[in-house]
Structures are given as structure tokens and as C-alpha cells.
Amino acid sequence: MRALATIFAPARFTPVLAAVAILAQVQGARADDCQTIYNAYEALSKAPAYRQTMTFAGVPPMELIAVGDAIYMKHGPSWQKMPVEPGMRAAMQKQTMPSAAALKACSQVGTETVRGQAATIYQYTPPPLEGADPLGPQRVWIGDKGLPLRMTSQQENTDVNLFYDNVVAPIP
């Protein structure tokens, strides 16, 4: 801001110019926040293994385990293995979130401890999925290792928790 004031010092530094300067700083912060969110999801797509539990409004809880190039889903009492081609997890992530620029309204909204781990909470609006209604604001809790620990969506009343330690395939 000081640099902008110096640039405009010879001219009259009006409130309009001040507002433009502040807006430019805010936009920069949002771009950084969007990049942080994008990086966390990209790191998730490349994590060697993780487990996630998901609750949705009106749907029984679901569980998913990803180990290498295999994904296991538990919807009800039994697990199903869904083999995935090498690199497919990262490709699926790129399809749903192609870049940080695809995210909108990114902002850091606080900090919280999630299962004993410090996390920074970010709010954002993801890009629309092809053939689906636009998605509303979502939140992600990013831990100090840069990985998502929790994700929520008010629109779908969704709560997803992610775990990275001691994750093994539930079935061969």
C-alpha cells in the first residue's frame, strides 16, 4: 500500500484509488488462498494412502480407502475394491479441480484442532461439475503437512474426515 501511495503522491490520492489498492491486495490474498487449497487437494490425490469417512444428509455413512492405485469403498456392511489405473487418482482430481484459478471466493476463515492436529480452515467455491448444478461454498481444514483433514459442504450437508496414518487395504 505504501508503494502505491508513493506512486500516486504527485497526484491527488483519492479514496477511489485507495479502494482500488485495497482490492488489489485482497485479490492477491484470495489467489494465495486458492493456491493453498488447490495444493492440498493435489497432495491428497498423490498421497500413498488415506482413509475418508463421509456423511451426507439422508444417506448412511460411507467409507473410502485409497492405497496406491486401488480404491476401496464401503457403503453398508461390505467393502468393494475398485482398481484404478496408475495416475488415475491425480487425473480425477485434475478433472474436478483443474487449477487454483478454477476456485472462487477463497479465504482463510480461522484455525482449529482436528483430532489433535492444528489446521487452518479455508472457505471456497469449487468449479461447477459438468452437467451438475453449481456448487455452493465449501470448507476445508488443511493440516500442517499440507493435506486436507476435513471437508464440509453446507449445500449437500456433507462432512468428510480424512486420515493418513496406518491406512491399509481392507480386503485383498
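Given the structure is predicted, the values throughout are model-derived calculations rather than measurements.

A. Seen up close, the overall build of the chain. Secondary structure summary: the chain contains 3 helices and 9 strands in total. Within the span of the chain, comprising 172 residues, buried residues form 34% of the whole. Of the contacts made within the chain by residues no fewer than 6 positions apart, 41% connect residues no fewer than 24 positions apart. Working note: accessible area of the chain is about 10400 Å², and carbon and sulfur atoms make up 58% of it.

B. Main features of the pairing of strand E9 (residues 158-163). Both strand E1 (residues 49-56) and E9 contribute to a ladder of 5 bridges, which runs antiparallel. Across the sheet, residue Arg-51 finds its bridge partner in E9, namely Phe-163. Strand direction decides the pairing type here: strand E8 (residues 148-153) and E9, joined by 4 bridges, are antiparallel. Paired with Arg-150 across the strands is Asn-161, a residue of E9. With antiparallel pairing between neighbouring strands as the criterion, E8 and E9 make up a hairpin whose turn holds 4 residues, including Asn-157 at a positive phi of roughly 50°.

C. Structural detail: the layout of surface pockets. In this structure, the largest pocket spans a volume of roughly 950 Å³. What lines the largest pocket is a set of 27 residues, among which Tyr-41, Gln-52, Gln-93, Thr-96 and Met-151 lie closest to the centre. Elements supplying a minimum of two residues to the lining of the largest pocket: helix H2 (15-46), E1, helix H3 (88-96), strand E7 (138-143), E8 and E9. In terms of residue class, the lining of the largest pocket is built from 16 nonpolar, 8 polar and 3 charged.

D. Focus on the packing of aromatic side chains. In this structure the tally under the stated criterion is 2 aromatic pairs. Geometrically, the ring pair formed by Tyr-41 and Tyr-124 is edge-to-face, given 6.1 Å between the ring centres and 65° between the ring planes. With Tyr-41 in helix H2 and Tyr-124 in strand E6 (residues 117-125), the pair connects residues that are 83 residues apart, well separated along the chain. The exposure class assigned to Tyr-41 is buried, which follows from its relative accessible area of 5%. Pairing Tyr-50 with Tyr-164 gives two aromatic rings, centres 6.5 Å apart and planes at 50°, and the pair type is tilted.

E. Inspection of the pattern of salt bridges at higher detail. For the coordinates displayed, the defined rule picks out 3 salt bridges. Between Arg-150 and Asp-159 there is a salt bridge, with its nearest N and O atoms 3.0 Å apart. Since its relative accessible area comes to 22%, Arg-150 is described here as partly exposed.

F. Broad picture of the sheet that holds strand E5 (residues 104-114). On the basis of which strands lie adjacent, the open sheet formed by 9 strands has the order E4-E3-E2-E1-E9-E8-E7-E6-E5 and antiparallel pairing. A strand with exactly one partner marks an edge of an open sheet, and here the two such strands are strand E4 (79-83) and E5. The sheet shows a mean angle of 20° between the axes of neighbouring strands, taken without regard to direction.

G. Main features of the state of the cysteines. For the structure on display, the rule yields 1 disulfide. Covalently, Cys-34 is tied to Cys-106 through a disulfide, its sulfur atoms 2.0 Å apart. Looking down the S-S bond of the Cys-34 and Cys-106 bridge, the torsion is 100°, so its handedness is right-handed. Residue Cys-34 is found in helix H2, and its partner Cys-106 is found in strand E5; the two are separated by 72 residues along the sequence. The same class applies to Cys-34 as to Cys-106, namely buried.

What counts and what doesn't
Residues numbered from 1 in each chain as written. Predicted model: local features only at pLDDT ≥ 70, side-chain atom pairs only at ≥ 80, totals over all residues. Heavy atoms only, no water. Helix = DSSP H or I, 4+ residues; strand = E, 2+ residues; numbered from the N terminus. Buried < 20%, exposed > 50% of the residue type's maximum accessible area, 1.4 Å probe, protein only. Contact = heavy atoms within 4.5 Å. Areas by Shrake-Rupley, 256 points an atom, 1.4 Å probe, with all protein chains shown as cover. Pairing = 2+ DSSP bridges. 1 Å grid on protein atoms, 1.4 Å probe; cavity = no way out; pocket = protein on both sides within 12 Å on 5 of 7 lines; lining within 4 Å. Points joined across faces, edges and corners; volume = space filled by probe spheres on them. Nonpolar A, V, L, I, M, F, W, Y, C, P; charged D, E, K, R; others polar. Phe/Tyr/Trp six-rings, centres within 6.5 Å; stacked < 30°, edge-to-face > 60°. Salt bridge = Lys/Arg side-chain N within 4 Å of Asp/Glu carboxyl O. Axes fitted to C-alpha atoms, helices over the stretch in contact; angles between N-to-C directions. Disulfide = S-S within 2.5 Å.

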